[in-house]
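The primary structure of each chain is shown beneath.
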Amino acid sequence: MSTIKQVQVTFDCASPERVARFWCEVLGYVAPPPPAGFATWDDFNAAQAPEDRDAWFACADPSGVGPRLYFQRVPEGKVVKNRVHLDVRVGTGLVGEERLAVLEAECARLVALGAVRVQLLRADGVNESCINMQDVEGNEFCLD
């Protein structure tokens, strides 16, 4: 049995580059350079058949520690709750008002990028506070 070395998280979406660039801003990830032979992603897309243009995009942790995120265009829209979501861990080790302040500050930054705040879940004695949010295409994620 082999050991898994890396994980990629794949998102189905309508606009791969738009969603990928949102997550680059959220996580401090970077977009890869365009494929060999192309100066820009626009040049690459212009060379593709119309049905293949803007079909995918990816981003990666520049330190190489976090998983690569891959975004692929699909014809159907999102209709139900995600079965998997990302937790953006900005409040790790913080509790109470200090944690809430960090969560709220990051929430405000992400809303300015196009995210939607859904719900603040306050600490309940078992779990610490977190904020449920949606990305630019409605995919759920948590500020934790």
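Residues numbered from 1 in each chain as written. Predicted model: local features only at pLDDT ≥ 70, side-chain atom pairs only at ≥ 80, totals over all residues. Heavy atoms only, no water.

1. Some thoughts on the packing of aromatic side chains
To keep things clear, this is the line we draw: We call Phe, Tyr and Trp rings a pair once their centres come within 6.5 Å, taking the six-membered ring for Trp, and we label the pair stacked below 30 degrees between planes, edge-to-face above 60, and tilted otherwise. Secondary structure counts use DSSP, requiring at least four H or I residues in a row for a helix and at least two E residues in a row for a strand, with both numbered from the N terminus.
Throughout the structure, instances matching the rule amount to 11 aromatic pairs. Consider the rings of Trp-41 and Phe-57, whose centres lie 4.8 Å apart with planes at 55°: the pair is tilted. Here Phe-57 lies in strand β2 (residues 56-59) and Trp-41 lies in helix α2 (residues 41-46), a separation of 16 residues in the sequence. An aromatic cluster of at least three residues, connected via ring pairs, comprises Phe-38, Trp-41, Phe-44, Trp-56, Phe-57 and Tyr-70.

2. What to know about the confidence of the model for the protein
Any region with low pLDDT has predicted coordinates that should not be read closely. What counts, and what does not: As a per-residue measure, pLDDT tells how confident the predictor is, with possible values from 0 to 100.
Of the residues in the protein, 98% have a pLDDT of 70 or more, and the chain-wide mean is 92. Element-level mean pLDDT values for the protein span from 91 in α2 up to 97 in strand β5 (residues 116-121).

3. Points about the environment of Phe-141
Quick reminder of the rule: The classification of residues rests on relative accessible area computed with a 1.4 Å probe and restricted to protein chains. Under 20% of the type maximum is buried, over 50% is exposed, and intermediate values are partly exposed.
Turning to its location among the elements, Phe-141 is positioned in strand β7 (residues 140-143). Looking at Phe-141, the relative accessible area reads 1%, which means it is buried.

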